[in-house]
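Structural description and commentary
Residues per chain, in single letters:
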Amino acid sequence: MPHHQSAEPSFVDSFAALPLGSLRAHSLKASEGEFQQSLGATQRSLEDFAQLISPAGATQLEALANQSKALTQQRFGRAIRLFAPLYLSNECINNCAYCGFSRDNPILRVTLEPDEVLTEARALAEQGFRNVLLVAGEHPKFVSNGYVEQCVRILHETIPSLSLELGPLETGAYQPLVTAGADGLVVYQETYDRNAYRVHHTAGPKKDFDWRLETPERAYAAGFRRLGIGALFGLSDWRTEAIALAAHAQWLLKHCWKAQLTLSLPRLRPCAGSFEPVDAISDRDLTQLICALRLFLPDVGIVLSTREPASLRNGLIPLGVTLMSAGSHTEPGGYTGAGGDKLHKTDRGKMIALAEQSSEWAEGATGQFDIADERSPETVAEQISSLGYEPVWKDWDAALTS
Ligand code: SF4
């Protein structure tokens, strides 16, 4: 079903014309000399980006890292912004092979009431957070627009900077959320490989690749002024994903220029329903990719989550990362136990009440994936400081104007 009917240009058209296969081939066969050329360029094209993530470049990682470090400091100073995810609901009508919340997983589920969301947010505010990402599965009944709007309104005073990561909506459905006070919208394409996308998204509205690909554009049209995109590394060839993500970011910077853009590069983590990554991206590859993104897109924010272990996160702080989550829980109620009295299970989407004496009550809702960095936010902030960087808890703009 074609969604793209307006006269406005869309990334869906640019994406169709993107020579991903030849850019990947170009990356794989790039010489050291070509890598050096791209490293020294003042204006960099997508071909340069492909050369920067080449196997030839992997042997020159230090030179790449030094340049990325200097450029990041020039553009962002030594600030590392901290945020926390707050899960509203783990109900979902989609089946995504890699996600613990998939409809067919018989997990413990709950949707927090708005006052329970506020309890969670207050606990985060007490830890210092002023920038929170509200996350929910896609479920029109439990996670309706009215519900999300209510949550945003109730939280706004406690948390001045709120972003949303939800099932994609129409522009008109985003507008009330912006009016309520949400300023950021995060939507990962997961994979830019149409075949892999089809294989891993087997049920639910998420099956529609183009609808998802256009989501940041609809969010921008609705008034969101922070946009986050990303690819979930481990579903397809990592270089192809990286090139597509870089092209998507470049397009958004041009067409949605009033928004701040952030990129996320999550790697698959263990979750309910076992899934084996297809093309694992190594720590070294990930480092090369972050540095290459910085050189190609000097002003985009780069996000690093607690999916990554503490040692790697510390090592990546100076190299291009600008935002980090800390102390994260990926289950609704994870910070305070809120909503624990309403747990239920699902069997292929059908709700099943827990028996009164069930030991499962004590488990709490199931998380989306396992966390690798379990340090407290306070410890993460201390480590950032000890590395000579400044942990920033507030929203970017608020920090500049206060
Ligand atoms: S990735 Fe998102 S849409 Fe897919 S099952 Fe998980 S929560 Fe639902």
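To keep things clear, this report deals only with the structure shown in the data block. (Residues numbered from 1 in each chain as written. Predicted model: local features only at pLDDT ≥ 70, side-chain atom pairs only at ≥ 80, totals over all residues. Heavy atoms only, no water.)

Side note on the site of the ligand
- Taken together, the neighbourhood of the ligand is formed by Cys92, Asn94, Cys96, Cys99, Phe101, Ser102, Gly137, Lys206 and Gln368.
- Looking at the shell around the ligand residue by residue, the classes come out as four nonpolar, four polar and one charged. (Near = heavy atom within 4 Å. Nonpolar A, V, L, I, M, F, W, Y, C, P; charged D, E, K, R; others polar.)

What about the pattern of salt bridges?
- Under the criterion given, the structure shown has 14 salt bridges.
- Arg212 serves as the salt-bridge partner of Glu190, at 3.4 Å between the closest nitrogen and oxygen. Residue Glu190 is found in the loop between strand S6 (184-186) and helix H10 (194-200), and its partner Arg212 is found in helix H11 (residues 209-213); the two are separated by 22 residues along the sequence.
- The exposure class assigned to Glu190 is buried, which follows from its relative accessible area of 8%.
- Taking the shortest distance from any N to any O, the salt bridge between Asp210 and Arg194 comes out at 2.8 Å. With Asp210 in helix H11 and Arg194 in helix H10, the pair connects residues that are 16 residues apart, well separated along the chain.
- We classify Asp210 as partly exposed; its relative accessible area is 24%.
- In the salt-bridge network here, residues are joined through shared partners; they are Glu190, Lys206 and Arg212. (Salt bridge = Lys/Arg side-chain N within 4 Å of Asp/Glu carboxyl O. Helix = DSSP H or I, 4+ residues; strand = E, 2+ residues; numbered from the N terminus. Buried < 20%, exposed > 50% of the residue type's maximum accessible area, 1.4 Å probe, protein only.)

Considerations on helix H16 (residues 377-386)
- Among the residues making up H16, those that are buried are Pro377, Val380, Ala381 and Ile384. The arc enclosing the buried residues of H16, seen along the axis, measures out at 100 degrees, which places them on a common side. Structural note: H16 exposes Glu378 and Ser386 on the side pointing more than 90 degrees away from its buried face.
- Those residues of H16 that are buried lie in contact with strand S1 (79-89), helix H7 (114-127), helix H15 (310-316), strand S11 (323-325) and strand S14 (390-392). (Arc of directions from axis to C-beta. Contact = heavy atoms within 4.5 Å.)

Digging into the packing of helix H6 (residues 61-76) against helix H14 (residues 283-296)
- Contact pair H6 / H14: the axes reach a minimum separation of 9 Å and the direction vectors enclose 45 degrees. What the angle tells us is that H6 and H14 run oblique. In the crossing of H6 with H14, the sense of the turn from one axis to the other is left-handed. Taking contact as the criterion, the partners of Leu61, Leu64, Ala65, Gln67, Ser68, Leu71, Thr72 and Phe76 in H6 are, on H14, Arg284, Thr287, Gln288, Cys291, Ala292, Arg294 and Leu295.
- When its residues are assigned to classes, the contact of H6 with H14 shows eight nonpolar, five polar and two charged. (Axes fitted to C-alpha atoms, helices over the stretch in contact; angles between N-to-C directions. Parallel < 35°, antiparallel > 145°, perpendicular 65-115°, else oblique. Left-handed = near helix turned anticlockwise from the far one by under 90°.)

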